Amino acid sequence: MTDALNALVLFANFVLVPALAYGSQLALGALGVTLIYAVLRFSNFAHGDLMAWGTMITILVTWALQGLGIGAGPLPTALLALPVGILGAVLLALVTDRWVYRFYRRQRSDPVVFVIASVGVMFIYNSLTRFFIGADDQRFEDGARFVMRVPDFKALTGLDEGLALRTSQVITFLVMLVTVAAVFWFLQRTRTGKAMRAYSDNEDLALLSGINPDRVVMITWILAATLATIAGVLYGLDKSFRPFTYFHLLLPIFAAAIRPRALGLVGIAALVSGAWPDGEAVLRADYLKGQPFSPPTTAEIAAASNEQSAGIEQVNQAIVQMDQTTQQNAALVEEAAAAAEAMQEQA
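Residues numbered from 1 in each chain as written. Predicted model: local features only at pLDDT ≥ 70, side-chain atom pairs only at ≥ 80, totals over all residues. Heavy atoms only, no water.

## Concerning the overall build of the protein
At step 1: Counting secondary structure elements, the protein contains 14 helices and 2 strands.
At step 2: Looking at the protein as a whole, 41% of its 347 residues are labelled buried.
At step 3: Sequence-distant contacts in the protein: of pairs separated by 6 or more residues, those separated by 24 or more amount to 70%.
At step 4: Accessible surface computed for the protein: about 18,600 Å², of which carbon and sulfur atoms make up 62%. (Helix = DSSP H or I, 4+ residues; strand = E, 2+ residues; numbered from the N terminus. Buried < 20%, exposed > 50% of the residue type's maximum accessible area, 1.4 Å probe, protein only. Contact = heavy atoms within 4.5 Å. Areas by Shrake-Rupley, 256 points an atom, 1.4 Å probe, with all protein chains shown as cover.)

Encoded structure:
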């Protein structure tokens, strides 16, 4: 029995705990990628470097606070600087959308155009980050480094193998749980979240129902930039910060967004935001409740397709009715103008 417990502790120390921390960081990044894909309908290749930008600002503010002697006690000082990093990432994302993506959105360009544009934005973000902070590794973790040390665990349990829990790992996991729950609540319960889901499901019907598309796009970028910064800072605290590393994180983040179920904990977080292999924003609460998820059947897909076709037909009918009403109003205006001219001639 003791050997089994030692093996379990050894597995947790070198596999389970690091995997939970790394998976939590990828999950937060996948949330932002999924939101952009579901609402704006393109894969944002600049997301990794947006993480690096927000983390860079957080590091610079952290160094400033440390220079002033301001800290958070046993917690990392970066947590105090995190709001400033989020603000910087949000501003950069909104400026980028206004100067780059808005033009293509108004032109109703194909998704591949947005993808190519995001690749160019990615290089700009990376260059800006390296310009301000350089390309070397940066360590900015301070405070208490461990919640549980190996000697303390051995003394507590009497086992031969020890378990070490770093403060950054515990913070990463807890922040991931809170953030995922907050995103789930926002998308499910708030009016803005429901508007984002409606816009993602059918843009034309959402516009006819009075949803402001510019506001939906702005909220989407704010959420994506916030999640990117949180994920980037947690990754930097747990490991280290290097701009090119965040570019390399893009591939596992995309994998977490596309195939969430295959990635366990990462899948749960990405699933909450609505990611599945087809990229649609479908919230699967049954997965979180522990119930097995079954892929949609052919009949369900056909029914959903028919429902979407019916919605499009309703939009077309509404447009035809609006055109008819416009023509009737124009005819009435012409009759009124003719009557006015006749009255003037009689006078």
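Still more to cover.
## What about the pattern of salt bridges?
If the charged atoms of two oppositely charged side chains come close together, the side chains can form a pair.
At step 1: For the coordinates displayed, the defined rule picks out 6 salt bridges.
At step 2: In this structure, Arg139 engages Glu141 in a salt bridge whose closest nitrogen and oxygen atoms are separated by 3.4 Å.
At step 3: The exposure class assigned to Glu141 is buried, which follows from its relative accessible area of 15%.
At step 4: Between Arg166 and Glu141 there is a salt bridge, with its nearest N and O atoms 3.2 Å apart. Taken together, the residues Arg166 in strand E2 (residues 165-166) and Glu141 in the loop between helix H4 (111-133) and strand E1 (146-148) connect sequence positions 25 residues apart.
At step 5: Shared partners join several salt bridges into a network, and the residues in it are Arg139, Glu141, Arg145, Arg166, Asp238 and Lys239. (Salt bridge = Lys/Arg side-chain N within 4 Å of Asp/Glu carboxyl O.)

## Section: the nonpolar core
Looking at soluble globular proteins, one finds that nonpolar side chains tend to be buried together.
At step 1: Judged by nonpolar contacts, the single largest core of 66 residues is most densely connected at Leu28, Leu50, Trp221 and Phe241.
At step 2: Of all elements in the fold, only helix H1 (2-40), helix H2 (47-67), helix H3 (78-106), H4, helix H6 (167-189), helix H7 (191-201), helix H9 (213-238) and helix H11 (250-258) reach the threshold of two or more residues within this core.
At step 3: When neighbours within four sequence positions are excluded, Leu28 is seen to be in contact with Met176, Thr179, Leu227, Ile230, Ala231 and Leu234.
At step 4: Val9, Val17, Phe153 and Leu163 belong to the second-largest nonpolar core, a separate cluster that totals 6 residues. (Core = buried A, V, L, I, M, F, W, Y, C linked by side-chain atoms within 4.5 Å.)

## Examining a nonpolar patch on the surface
At step 1: A cluster of nonpolar side chains, contributed by Met1, Leu5, Leu8, Leu10, Phe11, Phe14, Val15, Leu16 and Leu20, occupies part of the molecular surface with about 880 Å² of accessible area.
At step 2: Given the relative accessible area of 44%, Phe11 is considered partly exposed. (Patch = residues over 30% accessible without salt bridge, like charges linked within 9 Å, V, L, I, M, F, W, Y side chains within 5 Å.)

## Details of H7
At step 1: Buried residues of H7: Thr192, Gly193, Ala195, Met196, Tyr199 and Ser200, and no others. Looking straight down H7, one finds its buried side chains confined to an arc of 160 degrees; they lie on one side. Relative to its buried face, H7 has exposed residues pointing more than 90 degrees away, namely Arg191 and Asp201. (Arc of directions from axis to C-beta.)

## Points about H1
At step 1: The first and last C-alpha atoms of H1 sit 54 Å apart over 39 residues, in line with the 57 Å expected at 1.5 Å per residue.
At step 2: Remark: the principal bend of H1, roughly 50 degrees, maps to Ala12.
At step 3: Backbone geometry just after H1 places Arg41 at a positive phi near 65 degrees. (Expected span 1.5 Å × (residues − 1). Bend = angle between axes of the 7 residues up to and from the residue.)

## Remarks on the confidence of the model for the protein
At step 1: Chain-level pLDDT for the protein is 82 on average; 80% of the residues reach the 70-or-more range.
At step 2: Every residue in residues 261-295 is under pLDDT 50, and counting partners more than four places away or in other chains gives 73 contacts. (pLDDT = per-residue confidence, 0-100.)

## Regarding the packing of H2 against H9
At step 1: At a closest axis distance of 7 Å, the pairing of H2 and H9 adopts a crossing angle of 65 degrees. In terms of orientation, H2 and H9 fall into the roughly perpendicular class. The handedness of the crossing between H2 and H9 comes out as right-handed. Contact residues: H2 offers His47, Leu50, Met51, Gly54, Thr55 and Thr58, while H9 offers Ala224, Ala225, Ala228, Thr229, Ala231, Gly232 and Val233.
At step 2: Per-class residue counts for the contact of H2 with H9 are 7 nonpolar, 6 polar and no charged. (Axes fitted to C-alpha atoms, helices over the stretch in contact; angles between N-to-C directions. Parallel < 35°, antiparallel > 145°, perpendicular 65-115°, else oblique. Left-handed = near helix turned anticlockwise from the far one by under 90°. Nonpolar A, V, L, I, M, F, W, Y, C, P; charged D, E, K, R; others polar.)

## Thoughts on the packing of H1 against H9
At step 1: Taken N-terminus to C-terminus, the directions of H1 and H9 make an angle of 165 degrees; their axes are 9 Å apart at the nearest point. In this view, H1 runs roughly antiparallel relative to H9, as classed from their interaxial angle. Judged by the twist between their axes, the crossing of H1 over H9 is left-handed. Where H1 approaches H9, its residues Ala21, Tyr22, Gln25, Leu28, Gly29, Leu31, Gly32, Leu35, Ile36, Val39 and Leu40 are matched on the opposing element by Val216, Val217, Thr220, Trp221, Leu223, Ala224, Leu227, Ile230, Ala231, Leu234, Tyr235 and Asp238.
At step 2: Residue classes in the contact of H1 with H9 are distributed as 18 nonpolar, 4 polar and 1 charged.

## Looking at unusual backbone geometry
At step 1: The residue Arg41 is not glycine, and still its phi comes out positive at about 65 degrees.
At step 2: Its location among the elements puts Arg41 in the loop between H1 and H2.
At step 3: In this structure, Arg108 takes a positive phi of about 50 degrees despite not being glycine.
At step 4: Residue position: Arg108 is located in the loop between H3 and H4.

## Considering the environment of Gly193
At step 1: Among the secondary structure elements, Gly193 is positioned in helix H7.
At step 2: Along the chain, Gly193 and Thr220 lie 27 residues apart, while their C-alpha atoms are 9.5 Å from each other.
At step 3: Setting aside anything within four residues of it in sequence, one finds Gly193 in contact with Phe186 and Leu187.

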